[in-house]
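Structural features, examined
Residue-level listing of the chains:
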Amino acid sequence: MTRLTGSALRLTVHIGENDTWHHKPLYSEIVHRAHAAGLAGASVFRGIEGFGASSLIHTSRLLSLSEDLPVAVVIVDTETRVREFLPQLDELVTEGLVTLDPCEVIRYVGRDDPEAPNQGRTGTKGKKSL
């Protein structure tokens with residue numbers, strides 16, 4: 001597992017839910033490539049409303065029936081590792097917004113981290129005892 005504390009860089013990719021890479025969701029391709037690159041973690045967040053460079057408003061409200069909702073892929077790791085990943089995004093993201101923000105990692109612990117204090121874990125993923 002990657003150890004990550006202190007200064008880090010947050011990479012955020014704003015794209016549309018319907019954006020694809022070789023007939024597969026673009027957000028999924030970004031997450032899988034980040035995983036393959038050994039980055040500390042990646043999460044995808046689906047927005048309920050937004051607009052971008054095209055100035056088209058996409059919303060989840062029933063009257064508009066938009067299916068192309070905004071999606072944000074957020075990746076956090078050391079500055080070096082995030083910057084090494086940027087060329088892959090250049091290949092993948094043809095429309096959207098990519099931003100970098102400095103951040104500070106306070107805690108980064110996985111569920112089955114052997115160095116983490118026992119917090120009522122039973123050894124079963126996602127299960128906790130009281």
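You'll find the structure just up there.
A few points on the structure. (Residues numbered from 1 in each chain as written. Predicted model: local features only at pLDDT ≥ 70, side-chain atom pairs only at ≥ 80, totals over all residues. Heavy atoms only, no water.)

Digging into the side chain of E17
Applied cut-off: A run of DSSP states H or I qualifies as a helix once it reaches four residues; a run of E qualifies as a strand once it reaches two. Both are numbered from the N-terminal end. Polar contacts, as counted here, are pairs of nitrogen or oxygen atoms within 3.5 Å of one another; within protein the pair requires one atom able to donate a hydrogen and one able to accept it, and residues that are adjacent in sequence qualify only if both atoms are side-chain atoms. Note on definitions: a residue-residue contact is assigned when non-hydrogen atoms from the two residues lie within 4.5 Å.
Along the polypeptide, E17 turns up in the loop between β1 (6-16) and β2 (20-21). A polar atom in the side chain of E17 sits 2.8 Å from the side chain of R46. Those residues in contact with E17, other than ones at most four positions away along the chain, are Y27, R46, E67, D68, L69 and V71.

Points about helix α2 (residues 79-92)
Where we set the bar: By this rule the span expected of a helix is its residue count minus one, scaled by 1.5 Å. At any given residue, the bend is defined as the angle formed between two axes, one fitted to the seven residues that end at that position and one fitted to the seven that begin there.
If you check α2, its first and last C-alpha atoms are 20 Å apart, about what 14 residues at 1.5 Å a residue would give, namely 20 Å. At L86, α2 shows its maximal kink, close to 30 degrees; a proline, P87, follows between one and four residues later. Buried residues along α2 sit in contact with β1, β2, α1 (26-36), β7 (70-77) and β8 (97-105).

Quick notes on α1
Residue pairs spaced three or four apart in an α-helix point in one direction, given the helix's 3.6 residues per turn. What counts, and what does not: Working definition: with a 1.4 Å probe on protein chains only, accessible area under 20% of the residue-type maximum means buried, over 50% means exposed, and in between means partly exposed.
For α1, the complete set of buried residues consists of L26, S28, E29, I30, R33 and A34. Considering only its buried residues, α1 is in contact with β1, β2, β3 (24-25), β4 (42-46), β7 and α2. One or two residues past the end of α1 sits G38, with phi positive at roughly 80 degrees.

Comments concerning the pairing of β7
Going by this rule: Note: two strands are recorded as paired if DSSP finds a minimum of 2 bridges between them.
Of all eight residues that make up β7, six are buried, and the element is covered over most of its length. Relative to β7, β1 is paired through eight bridges, and the arrangement is antiparallel. Bridge pairing links V13 to V73 in β7. Here five bridges tie β4 to β7, and the two strands are oriented antiparallel to one another. Looking at the pairing, V44 lines up with V73 of β7.

Structural notes on the environment of C103
As for its placement among the helices and strands, C103 is situated in strand β8. When near neighbours in sequence (up to four residues on either side) are disregarded, C103 contacts G6, S7, A8, L9, R10 and V76.

Observations concerning the packing of α1 against α2
Counted only if it meets this: Axes here refer to lines fitted to C-alpha atoms; in helices the fit is confined to the stretch in contact. Angles between the N-to-C directions go from 0 to 180 degrees. For classification purposes, an angle smaller than 35 degrees is called roughly parallel, one larger than 145 roughly antiparallel, one from 65 to 115 roughly perpendicular, and anything else oblique. Put simply, a crossing is left-handed when the front helix is turned counterclockwise from the back one by less than a right angle, and right-handed when it is turned clockwise. Charged means Asp, Glu, Lys or Arg here, nonpolar means Ala, Val, Leu, Ile, Met, Phe, Trp, Tyr, Cys or Pro, and polar covers whatever is left, Gly included.
It is the contact of α1 with α2, at a shortest axis distance of 11 Å, that shows an interaxial angle of 160 degrees. The angle between the axes of α1 and α2 places the two elements in the roughly antiparallel class. Viewed along their axes, α1 and α2 form a crossing whose handedness is right-handed. Of α2, the residues touching α1 (which contributes L26, E29, I30, R33 and A34) are F85, Q88, L89, E91 and L92. A breakdown of the residues in the contact of α1 with α2 according to their chemical character gives six nonpolar, one polar and three charged.

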